[in-house]
Amino acid sequence: MDREKWLRDVHGPFAKEHPERKPEFRTPSGIPLDPVYGGAPFPGAHPFTRGILPTMYRGRHWTMRQYAGFTSARLSNERYKELLKHGVTGLSVAFDLPTQIGYDSDSPEAEGEVGRVGVPINSLRDMETLLDAIPLDRVTTSMTINSTASILLCLYVAVARRRGIDAAGLGGTVQNDILKEYVARGTYRFPVEPSMRLVTDTFRFCAERMPRWNPISISGYHIREAGSTAVQEVAFTIADGLAYVQAAVEKGLDVDDFGRRLSFFFNAHIHLFEEVAKFRAARRLWARLMRERFRAGDDACRLRFHAQTAGSSLQSRQIDVNVVRTTLEALAAVLGGTQSLHTNGRDEALALPTEASAKLALRTQQVIAFESGAADVVDPLGGAPLVEALTDEIERRAEALIGRIDRMGGAVKAIGFMRGEIERSAYEAQRRVESGEDTVVGVNRFEEPEEERGELFAIDRRERDRIVADLRELRASRDGEAVRRALDALKRAAEGTESLLPAILGAVEAYATVGEICRTLEGVFGTYRA
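Predicted, not measured: the structure shown is a model, and the values here were computed from it.

Participant: Can you lay out empty space enclosed by the protein for me, pointing to particular residues and giving the numbers?
Facilitator: Any empty space left between atoms is shown by rolling a water-sized probe over those atoms. Overall, the coordinates contain 6 cavities of 30 Å³ or more when judged by the stated rule. Estimates place the volume of the largest cavity at around 70 Å³. As for the largest cavity, its lining consists of Phe203, Cys206, Ala207, Met210, Pro211, Trp213, Pro215, Asp257, Phe258, Arg260 and Arg261. Broken down by element, the residue count for the lining of the largest cavity peaks at 3 residues, all from helix α7 (residues 192–209). Of the residues assigned to the lining of the largest cavity, the class counts are 8 nonpolar, no polar and 3 charged.

Participant: Can you tell me about the layout of surface pockets, naming the residues and giving the values?
Facilitator: As a volume, the second largest pocket reaches approximately 1000 Å³. Along the wall of the second largest pocket there are 29 residues; nearest its centre are His269, Ala429, Arg432, Val433 and Asp438. Contributing elements (two or more residues each) for the lining of the second largest pocket: α8 (221–225), α9 (230–250), α11 (272–294) and α16 (415–435). For the lining of the second largest pocket, the element with the most residues is α16, which contributes 7 residues. When its residues are assigned to classes, the lining of the second largest pocket shows 9 nonpolar, 11 polar and 9 charged.

Participant: Break down the packing of aromatic side chains for me, with residues and values.
Facilitator: Overall, the coordinates contain 15 aromatic pairs when judged by the stated rule. Measuring from centroid to centroid gives 4.5 Å for Tyr182 and Tyr528, while their planes differ by 55°, and the two rings are tilted. Placement of the pair is Tyr182 in helix α6 (residues 179–185) and Tyr528 in the segment after α20 (514–525), with a sequence separation of 346 residues. On the basis of relative accessibility, which here comes to 2%, the residue Tyr182 falls in the buried class. With 6.3 Å between their ring centres and 55° between their planes, Phe266 and Phe279 make a pair best called tilted. Residue Phe266 is located in strand β7 (residues 262–268), and its partner Phe279 is located in helix α11; the two are separated by 13 residues in the primary sequence. Judged by relative accessible area, which is 1%, Phe266 ranks as buried. Three or more aromatic residues link up through ring pairs in this structure, and these residues are Phe264, Phe266, Phe279, Trp286 and Phe305. Geometry around Tyr103 places Arg189 over its ring, the cationic atom sitting 4.3 Å from the centre.

Participant: Please provide a residue-by-residue account of unusual backbone geometry, values included.
Facilitator: Of the consecutive residues Ala40 and Pro41, the connecting peptide bond is found in the cis state with omega at 0°. Within the secondary structure, Pro41 is located in the loop between α1 (3–17) and β1 (63–68). The omega torsion across His46 and Pro47 is 10°, close enough to zero to call that bond cis. Position of Pro47 among the secondary structure elements: in the loop between α1 and β1. Positioned with a positive phi, Phe446 is a non-glycine residue whose angle comes to about 60°.

The rules we used
- Residues numbered from 1 in each chain as written.
- Predicted model: local features only at pLDDT ≥ 70, side-chain atom pairs only at ≥ 80, totals over all residues.
- Heavy atoms only, no water.
- 1 Å grid on protein atoms, 1.4 Å probe; cavity = no way out; pocket = protein on both sides within 12 Å on 5 of 7 lines; lining within 4 Å.
- Points joined across faces, edges and corners; volume = space filled by probe spheres on them.
- Helix = DSSP H or I, 4+ residues; strand = E, 2+ residues; numbered from the N terminus.
- Nonpolar A, V, L, I, M, F, W, Y, C, P; charged D, E, K, R; others polar.
- Phe/Tyr/Trp six-rings, centres within 6.5 Å; stacked < 30°, edge-to-face > 60°.
- Buried < 20%, exposed > 50% of the residue type's maximum accessible area, 1.4 Å probe, protein only.
- Lys NZ or Arg CZ within 6 Å of the ring centre and 35° of its normal.

All we've got here are geometric facts, nothing functional implied.
Written as structure tokens, this is what we have:
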């Protein structure tokens, strides 16, 4: 396809249906900017190397999310309202570790972790508080949750139903990527097989009831945070994605039905050009493998992804320098064509971000969007010899790794292999920093005496006491018989083969707790031991 044909047959009709942000785009000197530079391939056409839409950010900016959740549902709700007021266009919810693994806040396993790295959610009452006055039919919500993803999704749906909002009108994403938990992160509860059943049951539930909701965010972010290389991040993420698609197809789901709602979650790391090339290579490789292996149509071949700047690149010394790191990483995500973005706060190597740090992180995205010009051309680095060469090489190396995983029987069988490869890469990266081979500004070069640290976010322990008291009051005041019946129904569903989501929804609407639901499932499924 030549440029004129692309403008006439692909870009033109799309731009007419989805008008661009401006009548024309120009530099500050008045130089007009074309939508895309260079030759084929063109954005919006298979294999989507240069972007999944013909106009990309000329039509609309990426969704600006800020990942937030801490201490309690009440305080997290206040932060969400503040972020929305300052221009956030989508919420991203962080849950505390007990919620992620499925323990209630008063469980012995939760001791010392309640509200520490995210918001604790024990029941529908907490979710109602978390989402109070948030317009669920107008704001998209991303929930970073995996082992208990199906439960948190049902809690979200239950809140909407109580407000008279049909689940079909809800937009957002639930991470629901359990394989990378076994490989890189560790917030698993159940063995692999029943966990995969929960994943595919969520696919089916969303396909039937929530057409605007992404039932999974296949996550390379945590693989990279655990120490992988960019190549491994692409390879292991796509290998996991192929395993989910295969499992869903084997359950009788149509790849073109659920495939168009699959989403990905990548790390935006510090090497600008490798990261841009990584995103381009991932799009191209996914599109090709989905077509070759599953005969998927274009909609299911589009790799749509959220990006977050690298937490592992943040340093606890000279924390203001982290603003520069995050800006470069956010720029890489934009130049690489992300669909939504979270930027980390400068103080997150030390604590949860303060409100001021979170606002500055959001302003970083807004400067890139409205002042830098990076959003005015589709794939602005496309055609650059360095970026094209890196794109080709990352794709080649990632596909070779996927081939090794295939020979082991796929991602489910290759969990140990992937974990070992990440550990070796992490060790080698740390060795290079400690030897001085790689420079980290302010850490192994350009050090300064330890400076006075400004205000850091602190968790109010009194709020934790309130959470436990509220949870115990809920158990005392709810209809205990209704809870027992709902949990019995869930147990029967788990022992059978029917979809688990309707039974989970019934349990959360009866005000069963997350911990009670997980204990019921654990009684049938057992517990995963690494």
